[in-house]
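Reading the structure
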Amino acid sequence: MNAKRSTLQFLTQLTALLGIVGGAALAPRQNARAQALERESEDFRVLFKQLTNSARVTQERVHVTIPRLADNGHSVPLKVWVDSPQSAEDHVKRLVVLSERNPRPMISSLQFLPTQTRLELSTRIRLNGSQRIWVLAQMSDERWWGQSASVEVTESACLDASL
Amino acid sequence: MTSRIILPANPKVGLKMDIRILIQHPMETGFRYDASGSAMAKNVIKKLSLDLDGLILFSGELGTGTSANPFLQWSVILPKSGWLQLKWEDDEGNSGVERVLCNLSA
Amino acid sequence: MNKQRSIISQGFRGVRLCILYWGLSTTSLNAQVLTGPGAIAPQFMRSGISFASADLRATQADDSLNPAFLWVDQGQVMWKEGSGTGSSAAGINSSAAHPSCASCHHDWQQSMRGVSMKYPRWDPQTSHLINLEGQINACRTQRQHLPALAYESDELLGLTALVSLASRGMVLKRVREPSIDAALARGQLRFETRMGQNNLACLHCHTQNAGQHLGGETISQGQPHAYPAYRLEWQKIGSLQKRLRACLSGVKAQIWAFGSEELMELELYLSFRGEGLPIESPGVRR
């Protein structure tokens, strides 16, 4: 009876030890994933600073329309319009779309010939999970204006692994 | 790889109109794997432009964050009638050209 | 006055009974398809687009926004060239060795109208079901002397999108012929049979729970009338069989091969189940 109990105790302790060791072995991997997610945001922050040269981005004049819940992360419709006369003296020099969580934060960088009519853009973007996107407009006077929007992106309900 | 430049039915001089472009392209991110487990190489349209008889109306740099079969629409007032030419180039060096004649009525 | 019926009138009664039984048997066979557990009553039939978001509906409603039209454009080029080598450019009379689709069928908008909804049909030549993809390949190999096109290749998708587009707006209507009865019954059985690790039959989601939510998505009725369709999930256009394979993957069942009898029978049943819906091909779906 005693022998059995001590065997049982030993086995229990061994299992616990393995659990702790195993958990410790797994922890760095889980950490790495968390770190990777952090890095994505960092890349975005770095890019944001680089693009704007750390200049102030005023959250006005740029208007963003994007669904609150995306049908599918592969194709999310994005509409942008900018409050600008689009004249030779006062126009959008560059329109940049950025993602906070995509592996590559730069979605697109676009330039339009100003033709005296309000700039209204429509496009479709890819989003790697729920996140905030930013649309920045650099005007002809080098100042930056922008707007952000949050989008929920879910996994497809029925996973298609058929290829 | 086909592409389309879509204009309104009756574009008029001096009036605002929407130009739509749609290009057939997988915009491969480089993060996908094929059936045998090998990573599929990144290949996206990196540069594209639309010009009106040489006058560049639009130019852009795209990345993996743009959906497959890129779609872009923007508003413009065309200065004159002429040939609209769409040019694009991807990572692998493929390129495409699409032309459409735009006749503005008074 | 003589209460006993004459032989002749007994004969007539017999004939009337035969007619009655025949009538009952055929209507019950029709009723079996239309009112079986997988079927949806006509007044509740809904297109998948009615379950979709406003953005998706807008994308399908406008040909200049619908990415499927990139494949329709490709289909139009293939229709005229036939050989695909581009050597005989815009000619309807391409080389006699490889006649183009146009050389026999001329204007696709006229000649192909109503054609896609006739498929799948029974092919007496092979004694198997044949769908639109199969028919296009039969034309290519037998009449155009060109190699067959693979399922889900851009070329085949282009042609099926083009041919299906010719029927857009028409109400899906199938003609019941005895040659397809057995295949149709098998297709119906597949729709009603549980499968895969998830142990679900098609009808569990698409008949009993259409309109309910699965994750963040609304379950549709699983109707075929918008295919081939541009699916955001695939980032390109795809056939109905590709969609069925995606469903099989979803319930973790064995995924039947493209062109297999199983998928053909299911396609056949779905086309009958979907009668009454307007063709939307090429549609846009999640």
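Structure's up top.
Nothing here was measured: the structure is a model prediction, and the numbers come from that model.

Focus on the overall build of chain A
Check the secondary structure of chain A and you find one helix and eight strands. For chain A, the α and β elements follow one another from N to C terminus as α-β-β-β-β-β-β-β-β. Every one of the 163 residues in chain A was classed for burial, and the buried ones make up 29%. Summarising the internal contacts of chain A: among those between residues at least 6 apart in sequence, 69% fall at separations of at least 24.

A closer look at the sheet that holds strand β7 (residues 131–139) of chain A
Sheet strands associate in pairs through backbone hydrogen bonding, adopting either a parallel or an antiparallel arrangement. Spatial ordering of the open sheet is given by β1(A)-β8(A)-β7(A)-β4(A)-β5(A)-β4(B)-β3(B)-β6(B)-β7(B), a layout of nine strands whose pairing is mixed. In this open sheet, the two strands that pair with only one neighbour each are β1 (57–58) of chain A together with β7 (95–102) of chain B. Note that strand β4 (residues 92–99) of chain A and strand β5 (residues 106–112) of chain A share four bridges and pair antiparallel. Bridging across to β5(A), A:Val96 finds its partner in A:Ser109.

So, the interface of chain A and chain C
Counting residues at the interface gives 15 residues for chain A, matched by 18 residues for chain C. For the side of chain A that touches chain C, a count of residues per class yields seven nonpolar, six polar and two charged.

Some remarks on the pairing of strand β3 (residues 76–82) of chain A
All names here are of chain A. Most of β3 is tucked away, with five of its seven residues classed as buried. Both β3 and strand β6 (residues 119–125) contribute to a ladder of seven bridges, which runs antiparallel. Across the sheet, proline 77 pairs through a bridge with arginine 124, a residue of β6.

Details of the interface of chain A and chain B
Between chain A and chain B, the residue contacts involve 27 residues of the former and 23 residues of the latter. At the level of elements, β5 and β6 of chain A are the ones that each hand at least two residues to the side of chain A that touches chain B. In this structure, β6(A) lies alongside strand β5 (residues 71–76) of chain B, joined through three bridges in antiparallel fashion. Directly across from A:Leu121, in β5(B), lies its bridge partner B:Trp74.

So, the environment of C:Val251
Residue and element names in this part refer to chain C. Within the element layout of this structure, valine 251 appears in the loop between α10 (240–250) and α11 (261–273). Spatially, the C-alpha atom of valine 251 lies 25 Å from that of phenylalanine 44, the residues being 207 residues apart in sequence. Ignoring any residue separated from it by four or fewer positions in sequence, one finds valine 251 in contact with Met195, Gly196, Asn198 and Leu200.

Let's talk about the packing of helix α8 (residues 181–192) of chain C against α11(C)
All names here are of chain C. Two numbers describe how α8 lies on α11: the axes approach to 7 Å, and their chain directions differ by 90 degrees. Judged by the inter-axis angle, α8 sits roughly perpendicular to α11. Together, Ala183, Leu184, Arg186, Gly187, Gln188, Arg190 and Phe191 of α8 and Glu262, Glu265, Leu266, Leu268, Tyr269 and Phe272 of α11 make up the contact between the two elements. Taken together, the residues that form the contact of α8 with α11 break down as seven nonpolar, two polar and four charged.

Notes on the pairing of strand β6 (residues 82–90) of chain B
Residue and element names in this part refer to chain B. One ladder, built from seven bridges, connects strand β3 (residues 45–52) with β6; its direction is antiparallel. Looking across to β6, one finds that leucine 48 is bridged to tryptophan 88. Counting the residues between successive antiparallel strands, the hairpin from β6 to β7 contains four residues, one of them, glycine 93, with a positive phi of roughly 95 degrees.

Brief notes about the sheet that holds β3(A)
Across the sheet, which stays open at both edges, the six strands sit in the order β2(A)-β3(A)-β6(A)-β5(B)-β2(B)-β1(B) with antiparallel pairing between neighbours. Each having just a single partner strand, β2 (62–65) of chain A together with β1 (3–6) of chain B make up the two edges of the open sheet. Direction aside, neighbouring strands of the sheet carry axes that sit 15 degrees apart on average. The pairing of β1(B) with strand β2 (residues 17–23) of chain B spans four bridges and is classified as antiparallel. From the neighbouring strand, B:Ser3 faces β2(B), where its bridge partner is B:Ile23.

Reading the values: rules and limits
Residues numbered from 1 in each chain as written. Chains lettered and ligands numbered in written order. Predicted model: local features only at pLDDT ≥ 70, side-chain atom pairs only at ≥ 80, totals over all residues. Helix = DSSP H or I, 4+ residues; strand = E, 2+ residues; numbered from the N terminus. Buried ≥ 20, exposed ≤ 12 C-beta atoms within 10 Å, placed from the backbone. Contact = placed C-beta atoms within 7 Å. Pairing = 2+ DSSP bridges. Nonpolar A, V, L, I, M, F, W, Y, C, P; charged D, E, K, R; others polar. Axes fitted to C-alpha atoms, helices over the stretch in contact; angles between N-to-C directions. Parallel < 35°, antiparallel > 145°, perpendicular 65-115°, else oblique.

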